[in-house]
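Observations on the model geometry
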Amino acid sequence: MNGPTRWANRLRPDYGTIRSASGIVRRYLQLPIRRKLRYLVAMVVVAKNPAWEPVLGYDDEKAVQCISYFIRKSGGRLEKLKVIKLLYQDDRLSLTERGKPLNSNEYFSMPHGPVTSASLNGINGGLSHPSWKLLTLRKDGRTLELTGDAENDRLSRADCKILDQVWRDFGHMRAWDIRGWTHENCTEYTEVESGRIQISLDELLKAVGNPAPTEAAHNIRSLQRTIGTLKRASAN
């Protein structure tokens with residue numbers, strides 16, 4: 001992925017919000033000149049690069065294993081909205097307790113709360129990794145089920161402790177209740193009526209109490225890029 005594409009990928013969340021039918025002109029006109037120019041650049045690059053990849057270092061298998069873990073906990077099926085909320089809480093708790101996320105991801109504020117972007121895309125069928133075939137979204141479009149056996153080999157003991165804690169905290173709650181909880185308790189979240197707005201890793205780290213969020217975010221992303229580069233090299 002070249003430099004302009006990476007830059008536009010960071011801007012894509014705001015572009016997605018602006019391009020929504022509701023209030024598109026009003027929202028654009030309210031922006032400062034610098035942000036208007038950034039959006040124009042992003043629009044051009046997005047148009048030329050329709051396919052978007054997860055953050056370098058994102059682990060599809062690990063994401064599917066996390067989802068499968070929760071589905072098994074719930075008896076074999078789980079509401080899609082609840083899965084999305086639980087995955088976000090995984091990374092949030094991991095950042096709180098370990099100073100690093102459970103998986104490499106980008107985060108966004110959406111109408112139903114904060115989300116992990118790549119995992120949401122995987123659930124919706126937007127990622128090509130074969131591990132996503134172990135999950136199926138039922139015809140109602142709201143319920144996830146397992147269609148195969150997902151192992152836990154990508155999850156460490158520390159990872160499983162995070163998953164267990166998230167399930168203890170939120171597993172008994174309905175999806176809509178977790179949605180409400182995130183709106184009230186996740187200070188990094190921005191209310192949006194449509195589209196999405198990016199939550200930077202710095203903002204998320206600051207929200208969970210990290211004393212040096214900018215430095216921590218830089219170190220995390222550097223490590224993720226290294227891991228991602230090594231994975232790609234070994235795959236070639």
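Some remarks on the overall build of the chain
When its secondary structure is counted, the chain shows ten helices and six strands. Each of the 236 residues in the chain was classed as buried or not, and the buried ones make up 47%. Of the contacts made within the chain by residues no fewer than 6 positions apart, 73% connect residues no fewer than 24 positions apart. Carbon and sulfur atoms provide 51% of the accessible area of the chain, an area that totals close to 12700 Å².

Observations concerning the nonpolar core
Counting 34 residues, the largest nonpolar core has I67, F70, L86, I123 and W132 as its most contacted members. For this core, the secondary structure elements donating two or more residues are α4 (60-73), α5 (80-98), α6 (117-123) and α7 (157-170). Here the element with the most residues in this core is α4; it accounts for seven residues. The next biggest cluster of nonpolar side chains, apart from the first, holds 14 residues, and it includes Y88, Y107, L201 and A216.

Section: the pairing of strand β2 (residues 107-110)
Bridge analysis of β2 against strand β3 (residues 113-116) gives four bridges, and the strand direction is antiparallel. Looking at β3, one finds that S109 is bridged to P114. Hairpin geometry of β2 and β3 is characterised by an intervening segment of two residues between the two adjacent antiparallel strands.

Brief notes about the packing of aromatic side chains
One pass over the structure, following the stated rule, counts four aromatic pairs. A ring pair is formed by Y69 and F70, whose centres lie 6.0 Å apart and whose planes are at 85°; its orientation type is edge-to-face. Overall, the relative accessible area of 0% leaves F70 in the buried class. Taken together, a centroid distance of 5.0 Å and an interplanar angle of 80° make the contact between F170 and W181 edge-to-face.

Points about the confidence of the model for the chain
In this model, the chain carries a mean pLDDT of 83, and residues with pLDDT of at least 70 account for 78%. Every residue in residues 1-22 scores below 50 in pLDDT, and together they form 49 contacts with partners more than four places removed in sequence or on other chains. The model gives residues 45-52 a pLDDT under 50, and that stretch makes eleven contacts with residues more than four places away or in other chains.

Concerning the sheet that holds strand β5 (residues 143-146)
With respect to topology, three strands assemble into an open sheet ordered β1-β5-β4, the strand pairing being antiparallel. In this open sheet, the two edge strands, each paired with only one partner strand, are β1 (77-79) and β4 (135-137). Averaged over all adjacent pairs, the angle separating strand axes in this sheet is 25°, with direction ignored. Sheet analysis places β1 next to β5, joined by three bridges and oriented antiparallel. In the sheet register, R77 faces β5, and the bridge partner there is E145. With respect to the sheet, α4 is in contact with β1, β4 and β5, its orientation differing from that of β5 by roughly 100°.

Things to note about the environment of D91
Tracing the backbone through its elements, the reader meets D91 in helix α5. Its relative accessible area of 3% is what places D91 among the buried residues. Counting along the chain gives ten residues from D91 to P101, while the straight-line C-alpha distance between them is 4.5 Å. Sequence-distant contacts of D91, defined by excluding residues within four places in its chain, comprise P101, L102, N103, N105, Y107 and T116.

Considering the pattern of salt bridges
This model, assessed by the stated rule, comprises eight salt bridges. Of the charged contacts, one joins D159 and K62 as a salt bridge, the two residues approaching to 3.1 Å between their closest N and O atoms. Here K62 lies in helix α4 and D159 lies in helix α7, a separation of 97 residues in the sequence. By relative accessible area, D159 is classed as buried at 4%. Each of K62, R98 and D159 takes part in one network of salt bridges that share partners.

Conventions adopted
Residues numbered from 1 in each chain as written. Predicted model: local features only at pLDDT ≥ 70, side-chain atom pairs only at ≥ 80, totals over all residues. Heavy atoms only, no water. Helix = DSSP H or I, 4+ residues; strand = E, 2+ residues; numbered from the N terminus. Buried < 20%, exposed > 50% of the residue type's maximum accessible area, 1.4 Å probe, protein only. Contact = heavy atoms within 4.5 Å. Areas by Shrake-Rupley, 256 points an atom, 1.4 Å probe, with all protein chains shown as cover. Core = buried A, V, L, I, M, F, W, Y, C linked by side-chain atoms within 4.5 Å. Pairing = 2+ DSSP bridges. Phe/Tyr/Trp six-rings, centres within 6.5 Å; stacked < 30°, edge-to-face > 60°. pLDDT = per-residue confidence, 0-100. Axes fitted to C-alpha atoms, helices over the stretch in contact; angles between N-to-C directions. Salt bridge = Lys/Arg side-chain N within 4 Å of Asp/Glu carboxyl O.

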